[in-house]
Each structure stands twice: as C-alpha cells, then as structure tokens.
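# Fold and geometry: a report
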Amino acid sequence: EDKVVQSPLSLVVHEGDTVTLNCSYEVTNFRSLLWYKQEKKAPTFLFMLTSSGIEKKSGRLSSILDKKELFSILNITATQTGDSAIYLCAVPLGSGTYKYIFGTGTRLKVLA
Amino acid sequence: NAGVTQTPKFQVLKTGQSMTLQCAQDMNHNSMYWYRQDPGMGLRLIYYSASEGTTDKGEVPNGYNVSRLNKREFSLRLESAAPSQTSVYFCASRGTSGGVTSYNEQFFGPGTRLTVL
C-alpha cells in the first residue's frame, strides 16, 4: 500500500532556531515529491524534488531527497514567526500523475 | 486571474441535508481535484477529474458525487450529509503542460469549512 508519513506531527521552536521536517514514503514507481506550506487557508507550493534532483534551496528553506532511504527533509534555518504553518509533503501516484497522496503534515509554531 | 475559487466559504448543515460545493479555476488546467482535510489526517483525495468529461474516485469517495461541468468548473455534492463529513474541503487544479514542476504542482482554492450537525 502506498503511504507517506511525516514527522514530527508538531513542533514548537523559538525564532532563530533551525528545524528539520521529515517525510518518508513508500510508493510504487516513485517519480517526484512535493512540499507545500499551509498557513490559514490553502496549501502553497514550495519545492518539487524528482528522482533526478536531490536538493532544492530557496532562501532559508532547503530540501533534500534521499532516493535510497526513501525520504525527504525540509530544513528551515533562522526561523521567523512567519514560518508558522503546517508543512505538507505529497507524492504523485501512477504514470499519469493524476492522483497524489499527502502526508499528515507537520504543524510548526515559531515563538517570538 | 483569480486562480482557484470555491464557494461557499462556510456552511452548516443538518444531518440528511444536501448541498453542492462549487469550484472554478481560470488557469485553463485540465485536471481538478477535491480533497478533505481533517485534524491529524492530512489531505485525503475524494474525487478527481483528469480532464473535462472524466471523473474518478479517490481515497474517500463514499457519500459524495462530483460533476465536471466544463473545463473550468468541478462541483462536489453531498446528497445526504452526515456528521462524519464535517471537514474542510479543498478544491485543486493542475496543468498538464509546461516544465516538470508546472506539470506536477497543484493549485489550491481557499477551502470550504463544512459542519454537519
């Protein structure tokens, strides 16, 4: 059965801390993994990692894909209160990429 | 360019009532999706439409029906609402052209918070 598992479920840190969020997957015919940030409403896209790419960076956020151990991590350095959100990872299923399986999400709270 | 829009934003129903959640996108995307989000459960796929004229079941389709009215619009109907359908519902769309990232990225609407009493 295909599954995506995120850890931890929730995390509370102080501004300036560095956090690491984990996403492990067991998916047939894996091709890509996506990270989303969800604040009050809709999830917004952060990164996509494919079987041919292992690291993405955008400012204080970076993500790595480990194809051998079947997981991805999302790092946030020098956290700010604006980083408080739910972080979701998702993996497309099947050759048509029409269906996605999402993890349960990690709820991050950054205290001032 | 509004992206993905959903109506209503909030709704309270009594058990057994019916309602339709509306979703529209103006990005000329082929694929559209309905998810529900419950605490600790992440996003679960209810139904999806790979292209205009087609719909398929997702992970949790029971109690729901969908209609892909045209390329822009994808509605979700609850025929007889149950308290277990209390949730936040998100509509999403995905393009099928452009680079690899564009091909895979889903765009989400703002969500509908539904409570069934």
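Remember, it's a predicted structure, so these values are computed and weren't measured experimentally.

## Focus: the overall build of chain B
Looking only at helices and strands, one finds one helix and 11 strands in chain B. Helices and strands in chain B line up, N terminus first, as β-β-β-β-β-β-β-β-β-α-β-β. Here the C-alpha atoms of chain B give a radius of gyration of 14 Å, agreeing with the 13 Å that 2.2 N^0.38 yields for 117 residues. Sequence separation of at least 24 residues holds for 56% of the intrachain contacts in chain B that already meet a minimum separation of 6. Total accessible area computed for chain B in this model is approximately 5,300 Å², and 49% of it derives from carbon and sulfur atoms. Considering chain B, the positive charge centre built from 11 side chains and the negative charge centre built from 8 side chains are found 5 Å apart.

## Some details on the nonpolar core
The tendency in soluble globular proteins is for nonpolar side chains to be buried side by side. One finds Val 4, Tyr 25, Leu 33, Trp 35, Tyr 87, Val 91 and Leu 108 of chain A to be the most contacted residues of the largest nonpolar core, which totals 24 residues. Of all the elements in the fold, those that place two or more residues in this core are strand 3 (19–26), strand 4 (32–38), strand 5 (43–50), strand 7 (61–66), strand 8 (71–76), strand 9 (85–93) and strand 11 (106–111) of chain A. Looking at this core element by element, the count peaks at five residues for strand 9 of chain A. If near-sequence neighbours (up to four positions away) are discounted, Leu 33 of chain A is found in contact with Cys 23, Tyr 25, Phe 47, Met 48, Leu 49, Ser 72, Cys 89, Ala 90 and Val 91 of chain A. Counting 20 residues, the second largest nonpolar core, distinct from the first, contains Trp 34, Leu 76, Leu 114 and Val 116 of chain B.

## Notes on the sheet that holds strand 3 of chain A
All names here are of chain A. With antiparallel pairing, the five strands of this open sheet are ordered in space as 1-3-8-7-6. In this open sheet, the two edge strands, each paired with only one partner strand, are strand 1 (3–7) and strand 6 (55–58). Adjacent strand axes in the sheet meet at a mean angle of 15 degrees when their direction is disregarded. Here six bridges tie strand 7 to strand 8, and the two strands are oriented antiparallel to one another. When the sheet's bridge partners are listed, Leu 61 is paired in strand 8 with Ile 76.

## Structural notes on the interface of chain B and chain A
Taken together, the 23 residues of chain B in the interface contact 20 residues of chain A. Across the interface of chain B and chain A, roughly 1,800 Å² is buried in total on both sides, 61% from carbon and sulfur atoms. Counting the contacts that link chain B with chain A gives zero salt bridges. Between the two partners, chain B and chain A, sit two residue pairs in polar contact (both at pLDDT 80 or more). For the side of chain B that touches chain A, the residue count by class is 12 nonpolar, eight polar and three charged.

Basis of the calculations
Residues numbered from 1 in each chain as written. Chains lettered and ligands numbered in written order. Predicted model: local features only at pLDDT ≥ 70, side-chain atom pairs only at ≥ 80, totals over all residues. Heavy atoms only, no water. Helix = DSSP H or I, 4+ residues; strand = E, 2+ residues; numbered from the N terminus. Rg over C-alpha atoms; globule rule 2.2 N^0.38 Å. Contact = heavy atoms within 4.5 Å. Areas by Shrake-Rupley, 256 points an atom, 1.4 Å probe, with all protein chains shown as cover. Lys, Arg positive; Asp, Glu negative; His and termini not counted. Charge placed at Lys NZ, Arg CZ, Asp CG, Glu CD. Core = buried A, V, L, I, M, F, W, Y, C linked by side-chain atoms within 4.5 Å. Buried < 20%, exposed > 50% of the residue type's maximum accessible area, 1.4 Å probe, protein only. Pairing = 2+ DSSP bridges. Axes fitted to C-alpha atoms, helices over the stretch in contact; angles between N-to-C directions. Buried area = accessible area lost by both parts, 1.4 Å probe. Salt bridge = Lys/Arg side-chain N within 4 Å of Asp/Glu carboxyl O. Polar contact = N/O pair within 3.5 Å; in protein donor to acceptor, adjacent residues only side chain to side chain. Nonpolar A, V, L, I, M, F, W, Y, C, P; charged D, E, K, R; others polar.

By themselves these figures say nothing about function.
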